[in-house]
Amino acid sequence: MALLNILRYPDPRLHKVAKPVTEFGARLEQLAADMAETMYEAPGVGLAATQVDVHERVVLVDVSETHDALTVFVNPEIVWASDEKQVYDEGCLSVPGIYDGVERPARVKVRAQDIKGQFFEVDCDGLLAVCIQHEMDHLNGKVFVEYLSPLKRNRIKNKLLKEERGMERDAQMRAAAGRR
């Protein structure tokens, strides 16, 4: 297994729409294993393949406290959503340190394939419903901050770009110090 690099907002690759998975096998199983290791290490409760620059419709979710309920959703689709809405403070591994309220359907039914290609359906509510909808947004090229006002979105974007410039500057300084 390998840790994968998680793209950070506002990286334009986060806005690519993922393509359906058509081939099931060792490559997909390895991708799911690497994504799981990356998600748990981050730490997170969900990860979409888009976030690791693989633009295929694969999502991993584990909202358990004990990290032992991993579900891999391949080619997921919401087949039903409740009229009832809920606002949940969401965060994202691609938008580190940022949390804000997003309104979504309180319950959804998801149809997907497992890692072997077998179809299954899951009724989701609570954190699981929020997480699966959040991760499926990634597959459609949408990051949760896009639900926020333009002012909030721009503040987040500028903050993350400033942090990234600082990290690059620090890395350059370390490299220069190592050459002395």
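See above for the structure.
The sections below set out a description of the structure shown in this document. Numbering of residues starts from 1 in every chain and runs along the sequence as written. Local features in a predicted model are, by the rule used here, given only for residues with pLDDT of at least 70; side-chain atom pairs are given and counted only at 80 or more, and totals for whole chains, interfaces and linings are based on all residues. The side-chain quantities take in all heavy atoms of the structure and omit both hydrogens and water.

Some remarks on the overall build of the chain
Looking only at helices and strands, the chain features 3 helices and 7 strands. Mapped in sequence order, the helices and strands of the chain form the string α-β-β-β-β-β-β-β-α-α. Taking 180 residues into account, the globule formula puts the C-alpha radius of gyration at 16 Å, and the chain, at 17 Å, falls close to it. In terms of overall dimensions, the chain has C-alpha extents of about 60 × 40 × 30 Å along its principal axes. Helix and strand definitions follow DSSP, with helices as H or I runs of at least four residues and strands as E runs of at least two, each counted in order from the N terminus. Radius of gyration: over C-alpha atoms. The globule rule applied is 2.2 Å multiplied by the number of residues raised to the 0.38 power.

A word on helix α1 (residues 26-41)
Since the α-helix packs 3.6 residues into each turn, any two residues three or four apart lie on the same face. Look at α1: 22 Å from first C-alpha to last across 16 residues, which is about the 22 Å you get at 1.5 Å a residue. To sort residues, take the accessible area from a 1.4 Å probe on protein chains only and compare it with the maximum for the residue type: under 20% means buried, over 50% means exposed, and anything in between is partly exposed. Residues of α1 that are buried include every one of Leu28, Leu31, Ala32, Asp34, Met35, Ala36, Thr38 and Met39, and no others. As for α1, its buried residues are in contact with β1 (46-48), β2 (58-61) and β3 (71-81). Expected helix span is computed as 1.5 Å times (number of residues minus one). The contact criterion used throughout is that any non-hydrogen atoms of two residues lie within 4.5 Å.

Overview of the pairing of strand β7 (residues 119-125)
A regular strand places its side chains on the two faces of the sheet in alternate fashion. Pairing of strand β6 (residues 107-113) with β7 involves 7 bridges; the strand directions are antiparallel. Its bridge partner lying in β7, Val110 is registered against Val122. The antiparallel pairing of β6 with β7 creates a hairpin that spans 5 residues between the two strands, and Gly117 there sits at a positive phi of about 100°. When DSSP finds at least two bridges between two strands, those strands are taken to pair.

Focus on the pairing of β2
Neither face of β2 is exposed, since Val58 and Leu60 on one face and Val59 and Val61 on the opposite face are all buried. Where β1 lies against β2, 3 bridges are found, and the strand directions are antiparallel. Residue pairing for β2: Leu47 is matched across the bridge by Leu60. Relative to β3, β2 runs antiparallel, the two being bridged by 4 bridges. When the bridges of β3 are listed, Leu60 appears paired with Val72.

Some remarks on helix α2 (residues 126-139)
A rise of 1.5 Å per residue sets the reference length of α2, with its 14 residues, at 20 Å; its end C-alpha atoms lie 21 Å apart and thus fit the reference within 8%. For α2, the tally of buried residues reaches 11 of 14 residues, placing the bulk of the element in the interior. Those residues of α2 that sit buried are Ala129, Val130, Cys131, Ile132, Gln133, His134, Glu135, Met136, Asp137, His138 and Leu139. Phi for Gly141, located one or two positions after α2, is positive at around 80°.

Quick word on the environment of Pro12
Checked against the element boundaries, Pro12 lands in the segment before α1. A C-alpha to C-alpha distance of 21 Å links Pro12 and Tyr99, two positions 87 residues apart in sequence.

Some points on the sheet that holds β3
The strands making up a sheet associate through backbone hydrogen bonding, with each pair oriented either parallel or antiparallel. Pairing within the open sheet is antiparallel, and its 5 strands lie in the order β1-β2-β3-β6-β7. Bordering the open sheet on either side are β1 and β7, each of which pairs with just one other strand. Here the average twist between neighbouring strands, direction ignored, is 40°. With respect to the sheet, α1 is in contact with β1, β2 and β3, its orientation differing from that of β2 by roughly 40°. Seen against the sheet, α2 touches β1, β2, β3, β6 and β7 and runs at an angle of roughly 155° to β2. Interaxial angles span 0 to 180 degrees and are taken between N-to-C directions of axes, which are lines fitted to C-alpha atoms, for helices over the stretch in contact.

What about the packing of aromatic side chains?
Stacked, tilted and edge-to-face pairs are distinguished by plane angle, under 30 degrees for stacked and over 60 for edge-to-face with tilted covering the rest, among Phe, Tyr and Trp rings (Trp via its six-membered ring) whose centres lie within 6.5 Å. Using the criterion set out here, one finds 1 aromatic pair in the structure. Relative to Phe120, the ring of Phe73 lies with its centre 5.6 Å away and its plane at 40°, an arrangement referred to as tilted. Placement of Phe73 in strand β3 and of Phe120 in strand β7 is noted, with a sequence separation of 47 residues between them. The side chain of Lys142 reaches across the aromatic face of Tyr147, ending 4.0 Å from its centre. Counted as over-ring charges are cases with an Arg CZ or a Lys NZ within 6 Å of the ring centre that also lie within 35 degrees of the ring normal.

Topic: the environment of Asp68
Along the chain, Asp68 falls in the loop between β2 and β3. Along the chain, Asp68 and Lys157 lie 89 residues apart, while their C-alpha atoms are 34 Å from each other. Side chain to side chain, Asp68 and Thr66 meet in a polar contact 2.7 Å long. Counting of polar contacts relies on pairs of N or O atoms within 3.5 Å, with two restrictions inside protein: one atom must be capable of donating a hydrogen and the other of accepting it, and residues adjacent in sequence are counted only when both atoms are side-chain atoms.

Read these as geometric descriptors, not functional statements.
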